[in-house]
Structure formats: structure tokens, C-alpha cells
Amino acid sequence: MSKKIRQTATAVRRAAILAATLELVGEKGVTAVTMSDICARSGASVGSVYHHFKDREGVLYGLYKDCFDDCFSQLRTAVVATTEAKSGIKTLVHTYLDWVAANPVRAAFIYEASQGTLLRSYQADILAFKGAFYADIFAWMLPFVESGELLRLPPWAYDAIIMGPAHEFARRWLGGMQELAFEEAKNIIATAVWRAVSLS
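Since we're looking at a predicted model, the values are computed, not measured.

**Things to note about the overall build of the protein chain**
Assigned secondary structure in the protein chain consists of nine helices and zero strands. Its helices and strands in sequence order give the protein chain the pattern α-α-α-α-α-α-α-α-α, from N to C terminus. Viewed in the frame of its principal axes, the protein chain has a C-alpha envelope of about 60 × 40 × 25 Å. Every one of the 200 residues in the protein chain was classed for burial, and the buried ones make up 40%. Counting only contacts in the protein chain whose residues sit at least 6 apart along the sequence, the fraction spanning at least 24 positions is 72%.

Next comes the structure, spelled out in C-alpha cells:
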């Protein structure tokens, strides 16, 4: 078997294991999912799962990163394509909430998995891939900060102010508290966030 074929087979097997894990998380909740469940649903042997992910925490980290990779890819593509501060900030909020609406099981999983010590062995890796994403977003923001269109704040403050309201709404919406129509809520949040970081 050629190296390329082996790599393809590995990628397919990993994807199948992660897809099975996501289904199980949606059905049972992350804390109830066992390695036996994952093997049975994916059709992979115990040895195969351990080979690809090392242990249960490794599987959950793999799913966590896969979810964020998908979300961050959409956010990055949408935001860096904008050329105005206002449209970019609003696009960041809209695109994230659209992703949540289109991927409720993935979104609920990343919120649950971000709490406590579920992925404690992978904290450095998580900080690294999240940091790379935020670096791209902050690089897009910098010219608008320099021109005086956006407030100059530490990076952690931008995350809290820009994404905090979207995260809070997403958690409420995923939990069934849907007081507002989704599109209306998106516009309210995006407008409020823009006013919070804009100097114009």
C-alpha cells in the first residue's frame, strides 16, 4: 500500500471515529460517551481508536479541534474579506451565530468541553490553535485601530466584548431559551458590539 493510500485511509478512519463521537455526544451528552460506545458506533476496533487518538480524552480533543477548525475557517474567511471596520465586526458576530445555528450539536459540544478539566491534557494545544486564529483577526483589526475607527484594547478585551454577547446568546439559544427570533437577535447583538468597540 502506498504512503498516499495509507494517509487517505487514516484520514477516513479518523473522520469516521469523530463523526460517530459527535453523534453520540448529541444523543447522550459528552460525559456519558464511552470508548465502547465510540467503537461500536464507528465500527473501529479498540486498537484502532487508541492508535489514532491514544485515549478517550484524545478522541474528544480531536472532535473539539475539528469543530473549532470548521468554525474558525468560516469566521476567518468571512472577516478578512471585508474592507470596512463596521462590516467586519458585524460579520464576525453574524458568521459565528450562523455557524451555531447550522451546527447546534458541535456548538453545544465545544461549550460543554470548554468547561472544567475534560481536556486538561490538551490545554497548551488549545491555546495554540485559538491563539493562531485570534492573531489573524487582530491583524485584520489593527489598521482600523491605528486609524482611530476601533478602540485600542488588549486582545483579551476584544474577545470578551466582541464575542462575549454572541457566546451568551448562543448558550441560551442552545439551551432552549429562544426569546427572540434568531435573525433579530443577530442584528441586535452585532449592532451593540459595534457600538462598544467603535470610536466613530
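**Comments concerning the state of the cysteines**
Between two cysteines, a covalent bond joining their sulfur atoms is known as a disulfide. All chains considered together, the criterion is met by zero disulfides. Free of any disulfide, Cys-67 has its nearest neighbouring cysteine sulfur in Cys-71, separated by 9.2 Å.

**Describing unusual backbone geometry**
Backbone geometry at Lys-54 places phi at a positive 75 degrees, although glycine is not the residue there. By the secondary structure assignment, Lys-54 is in the loop between α3 (46-53) and α4 (56-80).

**What about the packing of aromatic side chains?**
The tally for this structure, following the rule as stated, stands at 16 aromatic pairs. Centroid distance Tyr-64 to Phe-68: 4.9 Å. Interplanar angle 65 degrees. Geometry classified as edge-to-face. Taken together, the positions of Tyr-64 and Phe-68, both in helix α4 and four residues apart, correspond to about one turn of that helix. The exposure class of Tyr-64 is buried, given its relative accessible area of 2%. Among the residues examined, Phe-68 registers a relative accessible area of 9% and is labelled buried. Ring centres of Phe-72 and Phe-133 lie 3.9 Å apart, and the angle between their planes is 0 degrees; this geometry places the pair in the stacked category. Taken together, the positions of Phe-72 in helix α4 and Phe-133 in helix α7 (residues 123-146) put the pair 61 residues apart, joining distant regions of the chain.

**Notes on the nonpolar core**
Counting 63 residues, the largest nonpolar core has Tyr-64, Tyr-96, Leu-97, Phe-109, Leu-150 and Ile-162 as the members making the most contacts within it. The element that contributes the greatest number of residues to this core is α4, accounting for 11 residues. Among all residues touching Tyr-64, those that are not within four sequence positions of it are Phe-109, Ile-110, Ala-113, Ser-114, Leu-119, Ile-126, Phe-129 and Lys-130.

**Considerations on the pattern of salt bridges**
Following the criterion strictly, the structure yields nine salt bridges and no others. Salt-bridge contacts for Glu-23 lead to Arg-41; the nearest nitrogen and oxygen are separated by 3.0 Å. With Glu-23 in helix α1 (residues 3-28) and Arg-41 in helix α2 (residues 35-42), the pair connects residues that are 18 residues apart, well separated along the chain. Classification of Glu-23 by relative accessible area gives partly exposed; the value is 43%. Ionic pairing is found between Asp-98 and Lys-186, a salt bridge with its closest N-O pair at 2.7 Å. One end of the pair, Asp-98, is in helix α5 (residues 85-102); the other, Lys-186, is in helix α9 (residues 182-197), and 88 residues separate them in sequence.

**Re the layout of surface pockets**
Its boundaries defined by the atoms lining it, the largest pocket holds a volume of some 320 Å³. Lining the largest pocket are 21 residues, and of these Phe-68, Tyr-134, Asp-159, Met-163 and His-167 sit closest to its centre. Secondary structure elements with two or more residues in the lining of the largest pocket: α4, α5, α6 (104-113), α7 and α8 (155-174). Here the residues of the lining of the largest pocket sort into 15 nonpolar, three polar and three charged.

**Considering α5**
The terminal C-alpha atoms of α5, which comprises 18 residues, lie 26 Å apart, in line with the 26 Å expected from a rise of 1.5 Å per residue. Looking at α5, one finds that the buried residues are Ala-85, Gly-88, Ile-89, Leu-92, Val-93, Thr-95, Tyr-96, Leu-97, Trp-99 and Val-100. Where α5 is buried, its residues meet α4, α6, α7, α8 and α9.

Scoring rules and cut-offs
Residues numbered from 1 in each chain as written. Predicted model: local features only at pLDDT ≥ 70, side-chain atom pairs only at ≥ 80, totals over all residues. Heavy atoms only, no water. Helix = DSSP H or I, 4+ residues; strand = E, 2+ residues; numbered from the N terminus. Buried < 20%, exposed > 50% of the residue type's maximum accessible area, 1.4 Å probe, protein only. Contact = heavy atoms within 4.5 Å. Disulfide = S-S within 2.5 Å. Phe/Tyr/Trp six-rings, centres within 6.5 Å; stacked < 30°, edge-to-face > 60°. Core = buried A, V, L, I, M, F, W, Y, C linked by side-chain atoms within 4.5 Å. Salt bridge = Lys/Arg side-chain N within 4 Å of Asp/Glu carboxyl O. 1 Å grid on protein atoms, 1.4 Å probe; cavity = no way out; pocket = protein on both sides within 12 Å on 5 of 7 lines; lining within 4 Å. Points joined across faces, edges and corners; volume = space filled by probe spheres on them. Nonpolar A, V, L, I, M, F, W, Y, C, P; charged D, E, K, R; others polar. Expected span 1.5 Å × (residues − 1).

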